Amino acid sequence: MPELTVTSEIYEEYDYRTKLKPNQNGNVISEFPFLLPRVISKHRFDEDGDLDVERPCKSVIKIEHSSKTKIALVGLQVWRGAFLLGDLLIHLGLNGELNDKNVLELGAGTGFTSFIAAMYAKKVICTDIDLGGILELIKLNAKNNKNLIKSQFKVMPLDFTETEWSHQLTNEINNVNIVVAADVIYDDDVTAAFISTIQKIMNTSPPKVLYVVMEKRYVFTIEHMESVAPCYETFLALLDKVKAENVHSAWTVEQMPLDFPKYFTYDRVKELVLWKIASELV
C-alpha cells in the first residue's frame with residue numbers, strides 16, 4: 001500500500017501564500033502575519049498624564065515549506081500547533097521568562113517556532129531529524145527571518161529513535177533551560193521515541209521546563225465504536241508511565257489553559273492542547 005500524502009489544515013483556513021519563488025522546486029513560500037507587542041521597560045505618560053500605550057506592530061515570518069508531503073516528512077510543512085506554541089513563546093518573552101534562557105526545540109520542522117523563541121532567548125538550539133532536507137530548510141528559513149533572530153541560533157540533528165548523542169549535542173542539551181515541541185505526535189512509534197527522548201533530556205541538570213503542543217486528531221474505530229485520538233492517548237499513557245517510574249527526577253505535569261493572547265492568524269481550535277512538564281533532579 002502506498003504511503004499516504006497529507007496536507008496541513010492551515011493552508012485551507014487562510015491564504016498565506018506569496019508569489020515569491022522558492023529555493024527548491026515543489027515548495028512554496030508563505031508569509032505568516034502576527035502582532036508583535038513592544039517590550040516597554042517603564043511606563044510612559046502623555047502631557048495630560050494618561051498612560052501612553054504603544055500599539056503592537058505587525059510583523060511576518062516568511063517560511064519556505066512543502067504544501068503536501070508523505071507522512072514521514074510532515075516536518076516540511078507548517079502545522080497549527082506551531083502557531084499556538086508561537087503565541088506562548090511571545091507571551092513568555094514579553095513577561096521576561098525567556099531572558100538569559102537557552103531554548104531547545106525538538107522536531108522543529110521548518111524552524112517556525114524556533115525563530116519566535118530567538119526573538120527573546122539567549123540561545124536557541126533548533127533540532128530535527130536529518131531527513132528529506134529538513135535541516136537545510138531550517139537554515140534557509142533562518143536566513144529568510146534573520147531580522148527576527150536576536151539570539152545565538154544553532155541548527156543540529158536530533159533523531160528521537162537514536163539513543164546515542166554526539167558530544168556536541170550532549171553539551172548543548174546540558175545547558176538548556178527550556179524545551180519546546182509542537183505537532184510531533186502522529187505515530188505510536190514516534191510517540192514512544194519522543195517520550196524516551198524527553199525523559200533523557202529532562203533527567204539532565206539544570207532542571208528544565210518542557211512545553212508540548214499537540215492537536216488531537218480523531219479517527220473512528222470499530223473497536224471503540226466512536227471517534228478517538230489514538231496517538232494522543234498513547235502520549236498520555238506513556239507520560240503517566242514515565243512520571244511514575246522515573247527515578248532520576250521528579251516531574252510536575254500539567255495541562256495549561258489556553259488563556260494567553262493570540263498573536264498569530266489561525267483558528268485556535270478546541271483540539272489544540274498544551275502540556276507543561278517541569279523536572280526537579282532527585
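Please refer to the structure placed before this passage.
Residues numbered from 1 in each chain as written. Predicted model: local features only at pLDDT ≥ 70, side-chain atom pairs only at ≥ 80, totals over all residues. Heavy atoms only, no water.

Draft legend 1. Main features of the overall build of the protein. Scanning the protein from terminus to terminus reveals seven helices and 13 strands. Burial status across the protein gives 47% buried among its 282 residues. In the protein, of all internal contacts separated by at least 6 residues, the share reaching a separation of at least 24 is 72%. Approximately 14,700 Å² of the protein is accessible, and the part contributed by carbon and sulfur atoms is 51%. (Helix = DSSP H or I, 4+ residues; strand = E, 2+ residues; numbered from the N terminus. Buried < 20%, exposed > 50% of the residue type's maximum accessible area, 1.4 Å probe, protein only. Contact = heavy atoms within 4.5 Å. Areas by Shrake-Rupley, 256 points an atom, 1.4 Å probe, with all protein chains shown as cover.)

Draft legend 2. Local environment of helix α6 (residues 188-202). Taking 1.5 Å of rise per residue, 15 residues should cover 21 Å, and α6 covers 21 Å from first to last C-alpha, within 8% of that figure. Within α6 the residues assigned to the buried category are Thr 191, Ala 193, Phe 194, Ile 195, Thr 197, Ile 198, Ile 201 and Met 202. The residue sitting at the N-terminus of α6 and contributing the capping side-chain oxygen is Asp 187; that oxygen lies 2.8 Å from the backbone nitrogen of Asp 189. (Expected span 1.5 Å × (residues − 1). Polar contact = N/O pair within 3.5 Å; in protein donor to acceptor, adjacent residues only side chain to side chain.)

Draft legend 3. Structural context of the packing of α6 against helix α7 (residues 230-245). At a closest axis distance of 10 Å, the pairing of α6 and α7 adopts a crossing angle of 30 degrees. By the angle class used here, α6 and α7 are roughly parallel. Helix-helix and strand crossings are classified by hand; for α6 and α7 the assignment is right-handed. On the side of α6, the interface is formed by Asp 188, Thr 191, Ala 192, Phe 194, Ile 195 and Gln 199, while α7 contributes Pro 230, Cys 231, Thr 234, Phe 235, Leu 238, Leu 239 and Val 242. (Axes fitted to C-alpha atoms, helices over the stretch in contact; angles between N-to-C directions. Parallel < 35°, antiparallel > 145°, perpendicular 65-115°, else oblique. Left-handed = near helix turned anticlockwise from the far one by under 90°.)

Draft legend 4. Here's a closer look at the side chain of Ser 30. On the secondary structure map, Ser 30 appears in strand β2 (residues 27-36). Note on Ser 30: relative accessible area 1%, which makes it buried. Here His 65 takes part through its side chain, which lies 2.7 Å from a polar atom of the side chain of Ser 30.

Draft legend 5. Local environment of the sheet that holds strand β12 (residues 249-255). With mixed pairing, the seven strands of this open sheet are ordered in space as β7-β6-β5-β8-β9-β13-β12. Both outer strands of the open sheet, β7 (152-157) and β12, are each paired with one neighbouring strand and no more. Averaged over all pairs of adjacent strands, the angle between their axes in this sheet comes to 20 degrees, without regard to strand direction. Across four bridges, the pairing between strand β5 (residues 102-106) and strand β8 (residues 178-182) is parallel. Across the sheet, residue Glu 105 finds its bridge partner in β8, namely Val 180. (Pairing = 2+ DSSP bridges.)

Draft legend 6. Structural view of the nonpolar core. Counting residues in each nonpolar core, the largest one holds 43 residues, and the members touching the most others are Phe 34, Phe 83, Phe 112, Tyr 211 and Phe 264. Mapped by element, the contributors of at least two residues to this core are α1 (10-13), β2, β3 (57-66), α2 (80-94), α3 (112-117), β8, β9 (209-215) and β13 (272-281). The leading source of residues in this core is α2, at eight residues. Excluding its chain neighbours within four sequence positions, the residues that come into contact with Phe 83 are Ile 10, Tyr 16, Phe 32, Val 78, Phe 112, Phe 264 and Tyr 266. With 33 residues, the next largest nonpolar core counts Val 184, Ile 195, Ile 201 and Cys 231 among its residues. (Core = buried A, V, L, I, M, F, W, Y, C linked by side-chain atoms within 4.5 Å.)

Draft legend 7. Broad picture of the pairing of β7. One ladder, built from six bridges, connects strand β6 (residues 123-128) with β7; its direction is parallel. Its bridge partner being in β7, Thr 127 is matched across the sheet by Met 156. Regarding the hand of the β-α-β motif, the stretch spanning β6, helix α4 (residues 134-144) and β7 is right-handed. (Right-handed = clockwise from strand over helix to strand, strands pointing away.)

Draft legend 8. Highlighting α4. What α4 keeps buried is the set Ile 134, Leu 135, Leu 137, Ile 138, Asn 141 and Ala 142. The arc enclosing the buried residues of α4, seen along the axis, measures out at 155 degrees, which places them on a common side. Looking at the buried side of α4, the elements it contacts are β2, β3, α3, β6 and β7. (Arc of directions from axis to C-beta.)

Draft legend 9. Region of interest: the packing of aromatic side chains. For the structure shown, the criterion picks out twelve aromatic pairs. Among the aromatic residues, those joined into a cluster by ring pairs are Tyr 14, Tyr 16, Phe 32, Phe 34, Phe 83, Phe 112, Phe 264 and Tyr 266. For the cation-ring pair, Lys 200 lies above Trp 165, with the distance from its terminal atom to the ring centre recorded as 3.9 Å. It is Lys 262 that lies over the ring of Tyr 266; its NZ or CZ is 4.9 Å from the centre. (Phe/Tyr/Trp six-rings, centres within 6.5 Å; stacked < 30°, edge-to-face > 60°. Lys NZ or Arg CZ within 6 Å of the ring centre and 35° of its normal.)

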